[in-house]
Amino acid sequence: MALFFAMRFIRWRLMFYLVCFLFLSARPTDSRPVVFRILAFYTDRGEPDHIAFARQALVFFDGAARKEHAEFASTTNWDDLQPEKLNHVGLVVWLNDFPKTQSQRDAFEKYMDNGGRWLGFHVSAYNDADTKWLWFLAFLGGGVFYANNWPPLPAKIIVDDPSHPVTHRLGASFEAPANEWYVWKPSPRLNKDVKVLLTLAPENYPIGLKDTITAGDLPVVWTNTRYRMLYINMGHGDKIFSSNQQNNFFTDALSWILETK
Ligand code: ZN
């Protein structure tokens, strides 16, 4: 009889532990619906410094997306820029490249014109006379790539609007890690629909050794308020995520674009 009770006691205890385990392993976040699906496009060919950035960015933004309860996926296949694939995507990210074919471009235009979201880094906004994509030029705010500094260098960055949700943790200015900074002509700031959030401080000039930028307005981060979009010029090399302050800005940029109505 004692053995019978002992066995029953052990069975109840096991049942108790099982219930505890199931309860504790079901974290509250698991029951929340996935609000956003993020799809990041990148290339693993070409400029090694752009690939280095993309590899680190995939890890960083995968982690940041988890905190936002968003699903993060990535692809090197730019043909995934097509209506069926973008159907349930809440945010498209371009890390280090841009679409080249007409069908990829058409799909992206349609996606953005219908309320899609875009976060673009560094070379993903590159365009020149050979790009021949006027919609994208207007989407960016009108700036064509004009020049860059070389080698990549750290720089003091001015915060244009420290009260904006994207920049509110940066203060009035901050030191950004080494990057290749791009000049755009005309400056996107001249477009009344563009809101510039970060600008290269003039005291950085001259910046560069082989290629030097000596003067001029150099917006670094901006949004074209006609779209749910944010362009961030950072994205060259493996130092981009070496600053906690700048990382906070990246996190805040992701939160903001996900929440943009
Ligand atoms: Zn670059």
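The preceding data block contains the structure.
Per chain, residues are indexed from 1 in the order of the written sequence. It should be noted that, the model being predicted, local features are given only for residues of pLDDT at least 70 and side-chain atom pairs only at 80 or more, the latter also being counted only at that level, while totals for whole chains, interfaces and linings use all residues.

S.K.: Hey, could you run me through the overall build of the protein in this one?
M.R.: Of the regular secondary structure elements, the protein holds 6 helices and 11 strands. In the protein, buried positions account for 36% of the 261 residues. Any pair of residues counts as being in contact when their C-beta atoms, constructed from backbone geometry, are within 7 Å of one another. The contacts of the protein with a sequence gap of at least 6 include a subset with a gap of at least 24, amounting to 78%. Secondary structure follows DSSP: runs of H or I at least 4 residues long count as helices, runs of E at least 2 residues long count as strands, and numbering of each begins at the N terminus. To assign burial, the other C-beta atoms lying within 10 Å of each residue's own C-beta are counted, with C-beta atoms placed from the backbone; 20 or more indicates buried, 12 or fewer indicates exposed, and intermediate counts indicate partly exposed.

S.K.: Mind showing me how you'd approach the environment of Pro 152 here?
M.R.: When you line up the elements, Pro 152 lands in the loop between β5 (144-148) and β6 (153-159). Residue class for Pro 152 comes out partly exposed when judged on the 18 C-beta atoms lying within 10 Å of it. Remark: the alpha-carbon pair of Pro 152 and Lys 239, spanning 87 residues in sequence, is separated by 9.8 Å.

S.K.: Which parts of the structure should I look at to understand the sheet that holds strand β1 (residues 37-41)?
M.R.: The strands making up a sheet are joined through hydrogen bonds of the backbone, oriented either antiparallel or parallel. Strands were regarded as paired on the criterion that DSSP finds at least two bridges between them. Spatial strand order, β2-β1-β3-β4-β11-β10-β9-β6-β7: 9 strands in an open sheet with mixed pairing. Strands with a single pairing partner mark the edges of an open sheet, and in this sheet they are β2 (71-75) and β7 (173-179). Across the sheet, the mean angle from the axis of one strand to that of its neighbour is 20 degrees, orientation sign disregarded. In this structure, β6 lies alongside strand β9 (residues 194-200), joined through 3 bridges in antiparallel fashion. What sits directly across from Ile 158, in β9, is Thr 199. Sitting on the sheet, helix α2 (residues 48-67) is in contact with β1, β2, β3 (91-94) and β4 (117-121), with an inclination near 160 degrees to β2. Fitted lines through C-alpha atoms give the axes, limited to the stretch in contact for helices. The angle between two N-to-C directions lies from 0 to 180 degrees.

S.K.: Honestly, the nonpolar core in this entry has me stumped. Any pointers?
M.R.: Within soluble globular proteins, side chains that are nonpolar generally end up buried alongside one another. Judged by nonpolar contacts, the single largest core of 65 residues is most densely connected at Val 93, Leu 95 and Ala 253. Residues contacting Val 93, with those up to four places away along its chain left out, are Ile 38, Ala 40, Phe 41, Phe 61 and Leu 119. We define a nonpolar core as a collection of buried residues of the types Ala, Val, Leu, Ile, Met, Phe, Trp, Tyr and Cys that are connected via C-beta atoms lying within 7 Å of each other.

S.K.: Looking at this structure, I do not really get the environment of Asn 248. What am I missing?
M.R.: In this structure, Asn 248 sits in helix α6 (residues 244-259). In this structure the C-alpha to C-alpha distance between Asn 248 and Arg 169, which are 79 residues apart in sequence, comes to 7.1 Å.

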